Amino acid sequence: MKQFVLVIFLMAAYSIYPSHANAISMPCGLILEPVDNELINAKGAALIYKVQLPPSKIARTNISILAVHLPEPSSYGNYDSYEGYASIPEEISWRFRLYPTRETDSPTWAGRFDFISAEMKNADVQVRPSNSNTQTLGPAIITNNIVNCK
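Please read all numbers here as calculations on a predicted model, not as lab measurements. (Residues numbered from 1 in each chain as written. Predicted model: local features only at pLDDT ≥ 70, side-chain atom pairs only at ≥ 80, totals over all residues. Heavy atoms only, no water.)

Caption draft 1: Seen up close, unusual backbone geometry. The omega angle of the peptide bond from Pro54 to Pro55 is 5°, so this bond is cis rather than trans. Here Pro55 is to be found in the loop between strand 2 (43-51) and strand 3 (60-68). Despite not being glycine, His69 shows a phi value in the positive range, around 55°. Not every positive phi belongs to a glycine, and Asn122 is a case in point at roughly 55°. Mapped onto the elements, Asn122 comes out in the loop between strand 6 (109-116) and strand 7 (124-131). (Helix = DSSP H or I, 4+ residues; strand = E, 2+ residues; numbered from the N terminus.)

Set out below in structure tokens:
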């Protein structure tokens, strides 16, 4: 009988308390999908992992983004580039510039940010058009949530 009660108690504790199974394991990759279904070729990938950069001995989280087949940023308004944007809703956000490659017909946009110290729970990762002069961000073009990170 004592074993039965112990098993019931452990099962209840496991289901009540959050498990580590809900946390992402790093490194992980995330596929960024278009917000607009008409952008069938627009895709991206985000790599999320821990880095230790000198001189600090403290591990930080890195987000690296690569995005392909995006429309010209100016097609969304007064924008001239793209930025990576990550946010934990109602808590904090980060943004970083994505740089185009030299392809003439549709450049690949890529960039990274190395200095995230927050725990990456429920973070959204996006690519957005940006105005490099006014620092204005446009709407999300491709996006996904870190809970889908594999």
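Caption draft 2: Expanded view of the confidence of the model for the chain. Across the chain, pLDDT averages 86, with 84% of residues at or above 70. Taken element by element, the predicted model of the chain shows its lowest mean pLDDT in helix 1 (residues 2-16) (50) and its highest in strand 7 (98). (pLDDT = per-residue confidence, 0-100.)

Caption draft 3: Broad picture of the pattern of salt bridges. Counting across every chain of the model gives four salt bridges. A salt bridge links Glu33 to Lys43; the shortest N-O distance between them is 2.4 Å. Of this pair, Glu33 sits in strand 1 (residues 28-34) while Lys43 sits in strand 2, and the two are ten residues apart along the sequence. Judged by relative accessible area, Glu33 falls into the partly exposed class, the value being 33%. (Salt bridge = Lys/Arg side-chain N within 4 Å of Asp/Glu carboxyl O. Buried < 20%, exposed > 50% of the residue type's maximum accessible area, 1.4 Å probe, protein only.)

Caption draft 4: Main features of the pairing of strand 1. With five bridges connecting them, strand 1 and strand 2 associate as antiparallel partners. Looking at the pairing, Gly29 lines up with Leu47 of strand 2. Pairing of strand 1 with strand 9 (residues 142-145), which is carried by two bridges, proceeds in the antiparallel orientation. Each residue of the ladder has a partner; that of Pro34, found in strand 9, is Ile142. (Pairing = 2+ DSSP bridges.)

Caption draft 5: Summary view of the packing of aromatic side chains. By the definition in use, this model includes three aromatic pairs. Judged by centre distance (5.1 Å) and plane angle (80°), the rings of Tyr82 and Trp109 are edge-to-face. Of the two residues, Tyr82 is situated in strand 4 (residues 81-88) and Trp109 in strand 6; the sequence distance between them amounts to 27 residues. Each ring, one from Phe113 and one from Phe115, has its centre 6.0 Å from the other, and the planes form 85°; the classification is edge-to-face. An aromatic cluster of three or more residues is present, and its members are Phe96, Phe113 and Phe115. In this structure, Arg128 is placed above the aromatic ring of Tyr85, and the distance from its NZ or CZ to the ring centre is 4.4 Å. (Phe/Tyr/Trp six-rings, centres within 6.5 Å; stacked < 30°, edge-to-face > 60°. Lys NZ or Arg CZ within 6 Å of the ring centre and 35° of its normal.)

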